[in-house]
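Coordinate inspection notes
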Amino acid sequence: MNGVRILRTGFLLGFVLAVFGSLIYSRIMAYSLAPTMKPAHFQGMSPWEIPVAYIVDYLSHGWLCLLFAFVAAGLVYEFMPKEVITRYMGSSRAMGYALGAGIAPFFTVCSCTMVPLFAGILYTGAGIGPAITFLLMAPASNILTILLTGEILSWELAIVRVIASLTTAVVAGLIISRTPWGRAIEMEHHPTGQNPQHNIQIIKLPLDERLLAALKFSLYLAKRILPYFFLGLVVVSYVEAYMAEDIVAKYLTGFSGILLASVIGGPLYTPTLVEIVLGRGLMDLGMSKGAMLSWLMGQPYDIPNMIATSRIVRWKVVVTYAVIAWIFSVSFGLTYGLLSKSL
Amino acid sequence: MKKIVAEVLGPNPPCYTCILLKKNVEAAAKRLKADGIEVEVKRLDIISREAIRKYGLLLSPALTVNGVVVSMGWVPDDDVVEDILREAASKQS
């Protein structure tokens, strides 16, 4: 029994190290993992050939990146000390902001964790500010999104995106916790009496079981996300093939481009990373970097998310955070566009 | 006959992982019944006041056995659940 366990641990660790190692190797060899097809390549292809060619091209470069992203997401989720988050999240306001913005988003790759955690933060007494911060931060900075934004778009954009979302999330949290309607909800959920001693004794499994659980979670994520991801790739291939470059150049650049990108980025968002692939396609066609950032930051006010949270905090709060998120997405897009000279 | 209460906590409507966890717990409960241990499997909304008051902030899906949170944020196999439940039963005697 013990021998089997050691063997299994070794095998799983080997697999994880192989995935990480080959990604680092590809970095050292400067081997591009992003799709390389440009719109010009699609000329002369029949309509059914376009998505096939694009997906084949994408997978021949991107399989390693996808594999790495899912394995890393599974590992982070499994080995993150979850008790720490849940124990300290509700303890004080400052701690709530720090955890809500810094750590919790890393393991909310699954949207069904997000809304309960949002409600939990609110109900356990950390207040509405940290809850909103967490909610706005989560879609922009989970481990899958960061890795794929970095690999498919650019690492510069990935970093800017995290910083921009962080600022937006914290400011929105601070503002909402000061509005009368935000306070009303906080009062409603104010914990009565002292915090009861919660009975939590998480069982710890041996390392091989935990590694296996991590990889199982990776598989679960892949099964949930990849079908939409590939559907997204099909759409992107047609966008790249048929969208005229002058339309993108005309509408998705400059200040109006940022406005448009920030407005369509939100409703289009699905927690399936499609926005990253679609962004890549639009950028190849000439979308400006500033508009791209606004496009990526449009996510926090996506519709399903808003409906779910409105059941907990009512519409006024939802509309407030959506407006704040939108203003920030436009101003960050503008600033980034000006700074990177790509407006 | 020993009696254990197991609660599966998740959002309402249940997400995929919570349904899976409940299935695993029910499978384990069935096997324990043959050994004379009765397991009552309940479902609790993770964002209800009741759940928050009892357990505080949890990650979904969570599993509690006799009022003690034993797992959260992942789905243990039915074998793992079975071990947990057996241990709880042996402590009771």
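These numbers come from a predicted model, not from an experiment.

Conventions adopted
Residues numbered from 1 in each chain as written. Chains lettered and ligands numbered in written order. Predicted model: local features only at pLDDT ≥ 70, side-chain atom pairs only at ≥ 80, totals over all residues. Heavy atoms only, no water. Helix = DSSP H or I, 4+ residues; strand = E, 2+ residues; numbered from the N terminus. Buried < 20%, exposed > 50% of the residue type's maximum accessible area, 1.4 Å probe, protein only. Areas by Shrake-Rupley, 256 points an atom, 1.4 Å probe, with all protein chains shown as cover. Phe/Tyr/Trp six-rings, centres within 6.5 Å; stacked < 30°, edge-to-face > 60°. Salt bridge = Lys/Arg side-chain N within 4 Å of Asp/Glu carboxyl O. Contact = heavy atoms within 4.5 Å. Buried area = accessible area lost by both parts, 1.4 Å probe. Polar contact = N/O pair within 3.5 Å; in protein donor to acceptor, adjacent residues only side chain to side chain. Nonpolar A, V, L, I, M, F, W, Y, C, P; charged D, E, K, R; others polar. pLDDT = per-residue confidence, 0-100. Pairing = 2+ DSSP bridges. Axes fitted to C-alpha atoms, helices over the stretch in contact; angles between N-to-C directions.

**Examining the overall build of chain A**
For chain A, the helix and strand inventory stands at 15 helices and 0 strands. For chain A, buried positions account for 54% of its 343 residues. Put simply, chain A shows about 15100 Å² of open surface, and 72% of that area lies on carbon and sulfur atoms.

**Structural notes on the packing of aromatic side chains**
Residue and element names in this part refer to chain A. One pass over the full model with this rule turns up 4 aromatic pairs over all chains. With a centroid separation of 5.8 Å and an interplanar angle of 40°, the aromatic rings of Phe217 and Tyr220 are classed as tilted. Of this pair, Phe217 and Tyr220 both sit in helix α10 (residues 207-242), separated by 3 residues, roughly a single helical turn. Aromatic side chains Phe328 and Phe332 sit 6.1 Å apart centroid to centroid with 35° between the ring planes, which places their arrangement in the tilted category. Residue Phe328 and its partner Phe332 are both found in helix α15 (residues 303-339); the two are separated by 4 residues, about one turn of the helix.

**Side note on the pattern of salt bridges**
This model, assessed by the stated rule, comprises 13 salt bridges over all chains. Of the charged contacts, one joins A:Lys289 and A:Glu156 as a salt bridge, the two residues approaching to 3.5 Å between their closest N and O atoms. Of this pair, A:Lys289 sits in helix α14 (residues 289-297) while A:Glu156 sits in helix α8 (residues 155-176), and the two are 133 residues apart along the sequence. Residue A:Glu156 is classed as partly exposed on the basis of its relative accessible area of 40%. Across the pair B:Glu82 and B:Arg31 runs a salt bridge whose closest N-O atoms are separated by 2.4 Å.

**Topic: the interface of chain A and chain B**
Taken residue by residue, the interface counts 33 residues in chain A and 29 residues in chain B. Together chain A and chain B conceal approximately 2600 Å² of surface at their shared face, both sides included; 69% is due to carbon and sulfur atoms. At the boundary of chain A with chain B, the tally comes to 1 salt bridge. The partner of B:Asp77 in a salt bridge is A:Lys216, with the nearest N and O atoms 3.0 Å apart. There are 1 residue pair in polar contact (both at pLDDT 80 or more) connecting chain A and chain B. When residues of the side of chain A that touches chain B are traced back to their parent elements, those giving at least two are α2 (49-79), α3 (82-89), α5 (111-123), α10 and α15 of chain A. Each residue belonging to the side of chain A that touches chain B can be placed in one class, and the counts come to 18 nonpolar, 8 polar and 7 charged.

**Digging into helix α7 (residues 143-153) of chain A**
Residue and element names in this part refer to chain A. Counted residue by residue, α7 has 11 buried out of 11 residues, so it is predominantly covered. For α7, the complete set of buried residues consists of Ile143, Leu144, Thr145, Ile146, Leu147, Leu148, Thr149, Gly150, Glu151, Ile152 and Leu153. Packed against the buried residues of α7 are α1 (2-28), α2, α8, α10, α13 (274-284) and α14.

**Regarding the confidence of the model for chain B**
Residues shown with low pLDDT carry predicted positions that ought not to be read at fine detail. Residues and elements named next belong to chain B. Mean pLDDT over chain B stands at 83; residues scoring 70 or higher make up 99%. Within chain B, no element has a lower average pLDDT than helix α2 (residues 49-55), which sits at 77, and none a higher one than strand β3 (residues 62-65), at 88. Per the prediction output, this complex has pTM 0.78; the corresponding ipTM is 0.71.

**Some words on the sheet that holds β3(B)**
Two modes of strand pairing occur in sheets, parallel and antiparallel, and in both the strands are linked by backbone hydrogen bonds. Residues and elements named next belong to chain B. On the basis of which strands lie adjacent, the open sheet formed by 4 strands has the order β2-β1-β3-β4 and mixed pairing. Two strands lie at the open edges of the sheet, namely β2 (37-45) and β4 (68-72), each paired on one side alone. Across the sheet, the axes of successive neighbouring strands diverge by a mean angle of 25°, strand direction being ignored. Bridge analysis of strand β1 (residues 2-10) against β2 gives 9 bridges, and the strand direction is parallel. Each residue of the ladder has a partner; that of Glu7, found in β2, is Lys42. Here helix α1 (residues 16-34) sits on the sheet in contact with β1, β2 and β3, set at roughly 165° to β2. Along the sheet, helix α3 (residues 78-92) makes contact with β1, β2, β3 and β4, crossing β1 at roughly 140°.

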